[in-house]
Structures are given as structure tokens and as C-alpha cells.
Amino acid sequence: MSYKRINVAVIGAGWVGGIRINACASSPLVNELHIAEINPDRTKKIADNCNATSFTTNWKNLIDNESIDAIIIASTPESERFPIVRAALKAKKHVMIEKPIAPTLREADEAIKLIEVNNLKFTIGYTRRFDPKYAFINKSLKSGKLGQPVTCLISRNITREIGNKIKSRSKMSPAAMGGTHSIDFLLWCLQPRLPVKVYSQQAGKLFNKISETPDHQWIIVTMDDGTTITAGSGWVLPLGHPQYSQSWIEVIGTEGSLTVDDTHREVSINTTKHGIRYPLSSMPGEQVDHVFAGAMVDETLHFLDAVANDNPVLATAQEARLVMEVTIAADLSAKRGEAIYLN
Ligand SMILES: NC(=O)c1ccc[n+]([C@@H]2O[C@H](COP(=O)([O-])OP(=O)(O)OC[C@H]3O[C@@H](n4cnc5c(N)ncnc54)[C@H](O)[C@@H]3O)[C@@H](O)[C@H]2O)c1
């Protein structure tokens, strides 16, 4: 069997970039794999584990390399990523970027225009869409099995260890950083309904003493048919396991309900050194010897397939822009203490 092979670059070889790199390295669709990373320790670690074609500390070298078809952008801080997106799209590279799509709606619109003009594949790391439990929720809602949706809730909390990492690099709110996954997921499940009204409240008793970052944020969204969404996002849980993340999901419909326990308590390990911990519990997932436990590898392979075989991407730039509209409205609502209506 013959198939098209593509040349791929990954910018930022940190936690998430490392997973994307390993997924690319394992894919038969990838011919050359190029990596940009400014941290020498990370570069060495990645170089030891994957057979990359080239390494650079300057991402601009990858933009200038005409043989590269697609670029995955996983560098931080998020606020400094848009120049990379713009340059990659202008150079007609297909792009996958970690959320959020851009710092402002104006920049998101600029990206969307370049994607359309240059006819490019572009997707955002909304990894929950590739998790089987979440795919089942989407299927149950879209098939009408639960009747008409009445209300959907996702409460997600991550440990303060990750919260500390996030707040040290940006002032983005829990809505923009963690809530964005839940909002994207539920807007996707509820399509073609559209959000019309957003109300949000933040709380802070830990992080806000040392930074401008709250500890937790609730977002309530009303859709144009009256369905409500509630999404909670926090980052001050005590350590349950390195990068521990827990979510609780409820979907109530006119003909049924669906409850998903995504708290990762089905596997627990108890050691004298650490007490009880919950492994296999991070958002992107992790490699366990020969298998990957999580959704990020499948998501990365999906992007490679979209580029190599001209297939559609699951999470589009327009959808990511709509998510941004909601999270921006949520932050404004929390600031003003009033509901925000979307146009
Ligand atoms: N989809 C998910 O489930 C999920 C989960 C966690 C994080 N994320 C997102 O993934 C992104 C990356 O998060 P992370 O935890 O891997 O961060 P990280 O800090 O571990 O990695 C970022 C890497 O980028 C590198 N970098 C910084 N500037 C660079 C530059 N100019 N050129 C090249 N490399 C550069 C850093 O040295 C670092 O190694 C974030 O936007 C985060 O929000 C997504």
C-alpha cells in the first residue's frame, strides 16, 4: 500500500510538545521530523528518544524550510505564540496549535483569513474530543438518545502544581486556560445551537494572594434554544498524582440523563512514600511502556492524517473562535458581576 508522507515540525518540546513529537515519530505518515526548542535539557531528552531530522533553537528556521508541510505549535507562554501562527500560515504550512487559538479575537480572525486564503488545515488541541468517554457524550447528545438537552455540566479541577506552572507564565483566567476545553466540548456536542448569554464568577483564596490569578471560575452559558451549560475550572487541588486532573460530567435531557465520572479514581496506587495516588490521570495522557493512556496521541495522528490525506479536521478555527468569544465574555462577566449577551 502506498501513502503520502509529510514533513512535520514541532515548536516547543515541553510536556505536551514531547507527546506530540513522540506521536509524530511513531507515525508512518511522517517522513522528516524537525524540532524547535530553546531549553537544552528538553532538547537532549527528546533527541535521546526520537530520531528527529533536525533541531533548532530558532523557530523561524522551520518557517523558512520549504520542505516542511505542517507545524505543531506547543510552546509557551501562550501570549507569545501568535507571531509563530501568523508566520506559519503565511508560509503556507498546515498548523496545529495548543489552545487558545489566539490572544485576541482580532488575531483569531487574522488566522482564519490566512487559513481560508491559503486553503490550509488548521486545528486546535481540544483533546477532550478524542477521549472515548467524551466522544460517547457527543454521540449520545447528537443521536437524540437523551431527547432534547436541558442542561450540561462539566466540573474540572487540576492540581495546584499545574496551576502554579500556568500562572507563572501568563495572566490568563481559569476560563481561558481550563474552561476552554469544557466550553469547546459542550458547544461541539450541542451544535448547531449557539451560545447567546454568559455569566461567570471567580473565587480566589490562594493564588490571588500572590498573583492576579483566581483559583476557580464557574461559567454558565445559555444556548439559543434555552439549553444551559455550566463549566467549572479550578487549579488548586492538592496533589493526587503528578499532573492529576479530575472532571465530573452530567448531561440531563428530556428523555434521559448521562453521568460520566472522569475523576480517574478507577486506578489507585498506595505507597509508603506517597500515600494514595491516582496514576494515568493527566489531561493529555501518558505513555505506559508500549501503549499511550490518553487522547493526545490519537488527536495528533488525526491532524497528520488530515494533512497527508486531505481529510477534514475535527476542531476548526471558527469553532475555536466561538469558544474564545464565550471565555472572553465569561471574564468580562466575572469582572462586572453581570451577564454578557453575545451578538
Ligand atoms: N490539550 C491538553 O490536554 C493540554 C494539556 C496541558 C497543556 N496544554 C497546552 O499545551 C501547551 C504547552 O503546555 P506544556 O505544559 O507542554 O508547557 P511546557 O512549559 O512544558 O512546554 C513548553 C515548551 O516550549 C518551549 N519554548 C518556549 N519558547 C520557545 C520558543 N520560542 N521556541 C521553541 N520552544 C520554546 C519551552 O522551553 C518548553 O519546553 C500550553 O498552551 C498548554 O495550555 C494542553
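Residues numbered from 1 in each chain as written. Predicted model: local features only at pLDDT ≥ 70, side-chain atom pairs only at ≥ 80, totals over all residues.

Enquirer: I would appreciate a short explanation of the site of the ligand in the present structure.
Expert: As a matter of local geometry, the ligand sits amid 22 residues, with Gly12, Gly14, Trp15, Val16 and Glu98 nearest to it. At three residues, helix α1 (residues 15-26) tops the list of elements feeding residues into the shell around the ligand. Each residue belonging to the shell around the ligand can be placed in one class, and the counts come to 10 nonpolar, eight polar and four charged. (Near = placed C-beta within 6 Å. Helix = DSSP H or I, 4+ residues; strand = E, 2+ residues; numbered from the N terminus. Nonpolar A, V, L, I, M, F, W, Y, C, P; charged D, E, K, R; others polar.)

Enquirer: Whenever I open this one, the sheet that holds strand β11 (residues 245-253) confuses me. Can you help?
Expert: Picture the strands of a sheet paired through backbone hydrogen bonds; they go either parallel or antiparallel. As summarised here, the arrangement of the seven strands in space is β12-β11-β7-β10-β9-β8-β17, forming an open sheet in which the pairing is mixed. Edge positions in the sheet fall to β12 (257-262) and β17 (340-341), since each has one partner strand and no second. Looking at chain direction, strand β8 (residues 195-203) and strand β9 (residues 216-223) are connected through eight bridges and run antiparallel. Paired with Lys197 across the two strands is Thr222, which belongs to β9. Packed onto the sheet, helix α7 (residues 160-169) meets β7 (149-159) and β10 (228-237) and runs at close to 95 degrees relative to β10. (Pairing = 2+ DSSP bridges. Contact = placed C-beta atoms within 7 Å. Axes fitted to C-alpha atoms, helices over the stretch in contact; angles between N-to-C directions.)

Enquirer: Got a minute to help me understand the sheet that holds strand β5 (residues 94-97) in this structure?
Expert: If you walk across this open sheet you meet the six strands as β3-β2-β1-β4-β5-β6, and the pairing is parallel. Lying at the two open borders of the sheet, with one neighbouring strand each, are β3 (54-56) and β6 (122-124). On average, adjacent strands in this sheet sit at an angle of 15 degrees to one another, irrespective of strand direction. Here β5 pairs with β6 via three bridges, running parallel. Across the sheet, the residue bridging to Ile97 is Ile124, located in β6.

Enquirer: Can you help me understand the nonpolar core in this one?
Expert: Generally speaking, nonpolar side chains in soluble globular proteins are found buried as a group. Judged by nonpolar contacts, the single largest core of 79 residues is most densely connected at Ile11 and Ile71. If you count residues domain by domain, this core takes at least three from each of domain 1 (6-120) and domain 2 (128-295 + 322-341). Discounting residues that sit within four places of it in the chain, Ile71 has contacts with Ala9, Ile11, Leu62, Ala88, Lys93 and Val95. (Core = buried A, V, L, I, M, F, W, Y, C linked by C-beta atoms within 7 Å. Buried ≥ 20, exposed ≤ 12 C-beta atoms within 10 Å, placed from the backbone. Domains from an automatic or database assignment.)

Enquirer: Help me understand the packing of helix α8 (residues 174-189) against helix α10 (residues 317-336), please; the structure alone is not making it clear to me.
Expert: Relative placement of two packed helices is described by the angle separating their axes and the distance separating the axes. Where α8 contacts α10, the axes come no closer than 9 Å and their chain directions differ by 125 degrees. The angle between α8 and α10 places the two elements in the oblique class. Considering only the axes of α8 and α10, their crossing is right-handed. Every residue of α10 that contacts α8 at Ala175, Ala176, Gly179, Thr180, Ile183, Asp184, Leu187 and Trp188 is listed here: Glu319, Leu322, Val323, Val326, Thr327, Ala330 and Asp331. Residues that form the contact of α8 with α10 fall into these classes: nine nonpolar, three polar and three charged. (Parallel < 35°, antiparallel > 145°, perpendicular 65-115°, else oblique. Left-handed = near helix turned anticlockwise from the far one by under 90°.)

Enquirer: Would you explain the environment of Arg169 in this entry?
Expert: Counting through the fold element by element, Arg169 comes out in helix α7. Spatially, the C-alpha atom of Arg169 lies 32 Å from that of Val260, the residues being 91 residues apart in sequence. Contacts of Arg169, omitting those with residues within four sequence positions, involve Thr76 and Pro77.

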